[in-house]
Amino acid sequence: MNYEQLLIETALADERIVVMTAENRALVRNAPAALKGRFIDTGITEQTMIGMAAGLALRGRIPVVHALAPFLTMRAYEFIRTDVGIPHLPVKLSGYIPGFLSDGNGPTHQAIEDVGIMRGIPGMEVYAPADEADLVGMLPAIWSSPAPAYVRINHKAGSYVHMPYVPGKAEIVSKGRDITLLVYGFLFENALRAKGLLEAEGLSVGLINMRSLKPVDEAAIVEAARGSERLVTIEDHFQTGGLYSIVAEVLLRHRMMANVTPLSLGERWFKPGLLGQVLETEGFTPEKLVEKIMIYA
Amino acid sequence: MKKIELEELQETAVKVREHVIKMTADGGCFIGASLSCVELMVYGYARVIRRDRVDLHRDYLFLSKGHDVPALYGTFVEMGLLAPERLGNHLSTADSIYWHPNRNIPGVEFHSGSLGHLPGVAAGVALDCKLRGGDNRVVVITGDGELNEGSVWETVLVANAYGLDNLTIVVDRNQFQANIRTEDLIPLEPLEDKFTAFGCNVQRIDGHDFAALEQAFTCVADGGKVNVIIADTVRGKGLPSIEARADRWFCSFTAAEVGQLLQELHGNLKATIQSETQVVR
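The structure displayed is predicted, hence computed values, not measured ones. (Residues numbered from 1 in each chain as written. Chains lettered and ligands numbered in written order. Predicted model: local features only at pLDDT ≥ 70, side-chain atom pairs only at ≥ 80, totals over all residues.)

Enquirer: Just give me the short version of the overall build of chain A, but keep the residues and values in it.
Expert: Within chain A, the regular secondary structure consists of twelve helices and twelve strands. Scaling as 2.2 N^0.38, a compact globule of 297 residues should have a C-alpha radius of gyration of about 19 Å, and chain A matches this with 19 Å. With respect to the three principal axes, the spread of C-alpha positions in chain A is 60 × 40 × 35 Å. Relative to its 297 residues, chain A shows a buried fraction of 52%. Of the contacts formed within chain A by residues at least 6 apart in sequence, a portion of 77% connects residues at least 24 apart. (Helix = DSSP H or I, 4+ residues; strand = E, 2+ residues; numbered from the N terminus. Rg over C-alpha atoms; globule rule 2.2 N^0.38 Å. Buried ≥ 20, exposed ≤ 12 C-beta atoms within 10 Å, placed from the backbone. Contact = placed C-beta atoms within 7 Å.)

Enquirer: Explain the overall build of chain B residue by residue, including any values.
Expert: Within chain B one finds ten helices and seven strands. Principal-axis analysis of the C-alpha atoms places the extent of chain B at approximately 55 × 40 × 40 Å. For chain B, the share of sequence-separated contacts (at least 6 apart) that also reach a separation of at least 24 residues comes to 75%.

Enquirer: Describe the sheet that holds strand 3 (residues 167–173) of chain B, with residues and values.
Expert: Residues and elements named next belong to chain B. What the five strands build is an open sheet, ordered 1-2-3-7-6; its pairing is parallel. Every interior strand has two partners, whereas the edge strands, strand 1 (60–63) and strand 6 (201–206), have only one. The average angle at which neighbouring strand axes cross in this sheet is 20°, direction not considered. Sheet topology places strand 1 next to strand 2 (residues 138–143); four bridges connect them, and they run parallel. Looking across to strand 2, one finds that Leu-63 is bridged to Ile-141. Sitting on the sheet, helix 5 (residues 118–131) is in contact with strand 1, strand 2 and strand 3, with an inclination near 170° to strand 2. (Pairing = 2+ DSSP bridges. Axes fitted to C-alpha atoms, helices over the stretch in contact; angles between N-to-C directions.)

Enquirer: Can you break down the interface of chain A and chain B residue by residue, with the values?
Expert: If you look at the interface, chain A gives 22 residues, while chain B gives 18 residues. When contributions to the side of chain A that touches chain B are tallied by element, the ones reaching two or more residues are helix 3 (46–58) and helix 5 (77–85) of chain A. The element that contributes the greatest number of residues to the side of chain A that touches chain B is helix 3 of chain A, accounting for nine residues. Class assignment for the residues of the side of chain A that touches chain B results in nine nonpolar, nine polar and four charged. (Nonpolar A, V, L, I, M, F, W, Y, C, P; charged D, E, K, R; others polar.)

Enquirer: If you had to explain unusual backbone geometry to someone new, which residues and values would you point to?
Expert: In the segment running from Lys214(A) into Pro215(A), the intervening peptide bond is cis, with an omega of 5°. For the bond running from Glu189(B) to Pro190(B), omega is 0°, close enough to zero to count as cis. Here Pro190(B) shows up in the loop between helix 7 (182–185) and helix 8 (191–197). Of note, Asp26(B) is a non-glycine position whose phi angle comes to about 55°, a positive value.

Enquirer: Can you tell me about the sheet that holds strand 12 (residues 259–263) of chain A, naming the residues and giving the values?
Expert: Residue and element names in this part refer to chain A. Pairing in this open sheet of five strands is mixed, and the strands run 7-9-8-11-12 from one edge to the other. Of all the strands in the sheet, the pair left with one neighbour each is strand 7 (171–174) and strand 12. Ignoring which end each strand starts from, the neighbouring axes of this sheet average 20° apart. Taken together, the five bridges between strand 8 (residues 179–183) and strand 11 (residues 230–234) define a ladder with parallel strand orientation. Within strand 11, the position partnered with Leu-182 by the bridge is Thr-233. Running over the sheet, helix 8 (residues 188–200) touches strand 7, strand 8, strand 9 (205–209) and strand 11 and is turned about 170° from strand 9.

Enquirer: Give a detailed account of the nonpolar core, specifying residues and quantitative values.
Expert: Among the nonpolar cores identified, the biggest contains 172 residues, and Ala53(A), Leu181(A), Leu182(A), Ala191(A), Leu213(A), Phe62(B) and Ala122(B) are the most heavily contacted of them. Looking at which domains feed residues into this core, each of domain 1 (3–152) and domain 2 (171–294) of chain A supplies at least three. Leaving out residues up to four positions away in the same chain, Leu182(A) has contacts with Ile208(A), Met210(A), Ala224(A), Leu231(A), Val232(A), Thr233(A), Ile234(A), Leu243(A) and Val247(A). (Core = buried A, V, L, I, M, F, W, Y, C linked by C-beta atoms within 7 Å. Domains from an automatic or database assignment.)

Enquirer: Explain the environment of Trp99(B) residue by residue, including any values.
Expert: Assignment of secondary structure puts Trp99(B) in the loop between helix 4 (69–78) and helix 5. What Trp99(B) contacts, discounting residues up to four positions off in sequence, is Cys29(B), Phe30(B), His67(B) and Val69(B).

Enquirer: Which residues make up the domain arrangement of chain A, and what are the values?
Expert: All names here are of chain A. Split by domain assignment, chain A resolves into domain 1 (3–152) and domain 2 (171–294). Counting residues at the interface gives 26 residues for domain 1 and 28 residues for domain 2. Elements represented by at least two residues in the side of domain 1 that touches domain 2 include exactly helix 6 (114–119) and strand 5 (125–128). Among the residues forming the side of domain 1 that touches domain 2, the class breakdown is 14 nonpolar, six polar and six charged.

Enquirer: Can you break down the environment of Glu199(A) residue by residue, with the values?
Expert: All names here are of chain A. By the element assignment, Glu-199 lies in helix 8. The exposure class of Glu-199 is partly exposed, given the 15 C-beta atoms found within 10 Å. Through-space distance from the C-alpha of Glu-199 to that of Gly-176 is 9.7 Å; in sequence the pair is 23 residues apart.

Enquirer: Describe helix 3 of chain A, and please don't skip the residues or the numbers.
Expert: An α-helix turns once per 3.6 residues; consequently, residues spaced three or four apart project the same way. A rise of 1.5 Å per residue sets the reference length of helix 3 of chain A, with its 13 residues, at 18 Å; its end C-alpha atoms lie 18 Å apart and thus fit the reference within 8%. In terms of burial, helix 3 of chain A is largely enclosed, as 13 of its 13 residues are buried. (Expected span 1.5 Å × (residues − 1).)

Enquirer: I'd like to hear about the packing of helix 1 (residues 3–22) of chain B against helix 4 of chain B, residue by residue, with values.
Expert: Residue and element names in this part refer to chain B. Between helix 1 and helix 4, whose axes approach to 8 Å, the crossing angle comes to 125°. Taken together, the axes of helix 1 and helix 4 are oblique relative to one another. Along this stretch, helix 1 crosses helix 4, giving a crossing that reads as right-handed. Along the contact surface, helix 1 presents Thr-12, Lys-15, Val-16, His-19 and Val-20, while helix 4 presents Pro-70, Ala-71, Tyr-73, Gly-74, Thr-75, Val-77 and Glu-78. Within the contact of helix 1 with helix 4, the residues separate by chemical class into six nonpolar, four polar and two charged. (Parallel < 35°, antiparallel > 145°, perpendicular 65-115°, else oblique. Left-handed = near helix turned anticlockwise from the far one by under 90°.)

Enquirer: Describe in detail the confidence of the model for chain B, supporting the description with residues and values.
Expert: Overall, the predicted model of chain B reaches an average pLDDT of 96, with 100% of residues at or above 70. Confidence metrics for the complex model read pTM 0.96 and ipTM 0.95. (pLDDT = per-residue confidence, 0-100.)

Enquirer: Before we move on, can you summarise the environment of Thr233(A) with the specific residues and values?
Expert: Residue and element names in this part refer to chain A. Tracing the chain through its elements places Thr-233 in strand 11. Considered as a pair, Thr-233 and Pro-262 are 29 residues apart in the sequence and their alpha carbons are 4.9 Å apart. Ignoring sequence-local partners within four residues, the contact set of Thr-233 consists of Leu-182, Leu-243, Tyr-244, Val-247, Val-260, Pro-262 and Leu-263.

Enquirer: Describe the pairing of strand 5 of chain A, naming the residues involved and giving the relevant values.
Expert: Residues and elements named next belong to chain A. Neither face of strand 5 is open: one carries Glu-125 and Tyr-127, the other Val-126 and Ala-128, and all of them are buried. In this fold, the crossover linking strand 5 to strand 6 (residues 149–152) by way of helix 7 (residues 132–144) has right-handed handedness. Across three bridges, the pairing between strand 5 and strand 10 (residues 211–214) is antiparallel. In the sheet register, Val-126 faces strand 10, and the bridge partner there is Lys-214. (Right-handed = clockwise from strand over helix to strand, strands pointing away.)

This is how it looks when you write it as structure tokens:
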């Protein structure tokens, strides 16, 4: 089952679901025919779409809202914060092509601060599935929660067979004494391969698919910090506000010290291009990740 | 509308203005914009919103220009929706009566304060009413300065695309935004033409005239177009000493001045205001 199939199936079974888009139908091409009036395309109007989503939610609907992740989270940010965040309405935000998935579009289309800004809204949940199977496994819980939520939509196929999603919990793929890789979203696949390469070097490597960035699985982070010599956070996000920040906050809250290496985009937008080349250039292929990690090994 | 009903509404409007004037003491409020929309609120709750309807059949009045909330709360008191003594809690953290509306006060449909938001929220509600086949009325009151916000026009485009003729936008056209005339900053006229060009069913009336409001709401049409009522109003209406003055937007008055203004409201004297004007621009 893919994202769209799950969405339509869920909406057909639950009259409360309405599907909205700001003229981005990439994920929902079949929704108009299937859902008729409950498919609402507002055109290129992210602000109005969010305002209307809040109005629909006031009437008992659960809007699942689509737009490209940067426009959804930033053009409409104050509307999300004010119309959805303050009244804590169950509006479900599906951000398309977040992070590296905007590949050749350029910095206008790069949502690489989205985790930071969305988790800054009280009560807003933030999710980043590892691949489409993980996404589809997580969405039923996300959509049935009464909270507003932002999902980094990841429609890429993955090779890993995931464990069932437990709300608010990370997926602990492995535990390792030397290093634990903490990753979310699309980069999970490369982190998984990097883990294999690091193990071939004789290292004991942990890997955590964070899945839910807010609420975050604090126990998983604390346990990894206790059990590993070094944590490595891997994210297609600015260094501020994303997983590195989350890990720092959790460790401080638990009065813990740890060696933490952030692999992020630092404070710059990435060089646009085909996805494979972007990963190569930015140093996020499995091999490049291993190179950067081995400096500390 | 019968003469007696008209007189009742006019009496209610005077009482609402009294509440607004009293709220300028102990911290102040946005008196100018509150006094301009009193008739719009009173008429809305007395004659448009059918308060016997409940749940999904309800009518909605959204206040998008949130800083005129004293007029809303004054209207709530006069409609029996809010205990009058609570207005005495204005700006006390022990209650939720502050400079912008919020849903802790029963009757407030949605919080506002950030301009250009509630047309969108109201459009979402109106769309859901359509989806469910309801005949609900959805009214949103905006300011005129608020029309600077692009999101208002974005929403008008979308609402007309979806044929939301159950949505009525009432513009409190008091000619001012904060401390300047709209036409001296970002001119809005010809305003009817703008809304008409965006596909709306537009009327322009005297926003202090209940009979005109009655006529306008009677002409709200169901032809697939968003209804717009441009209500020409006077900022500070009812108090000649502050009417249509750019510097009387937010006002904080002394108890003595409040007393004089209440007299002025009833035509008994002209108030002498010595409190400083508060200008943000």
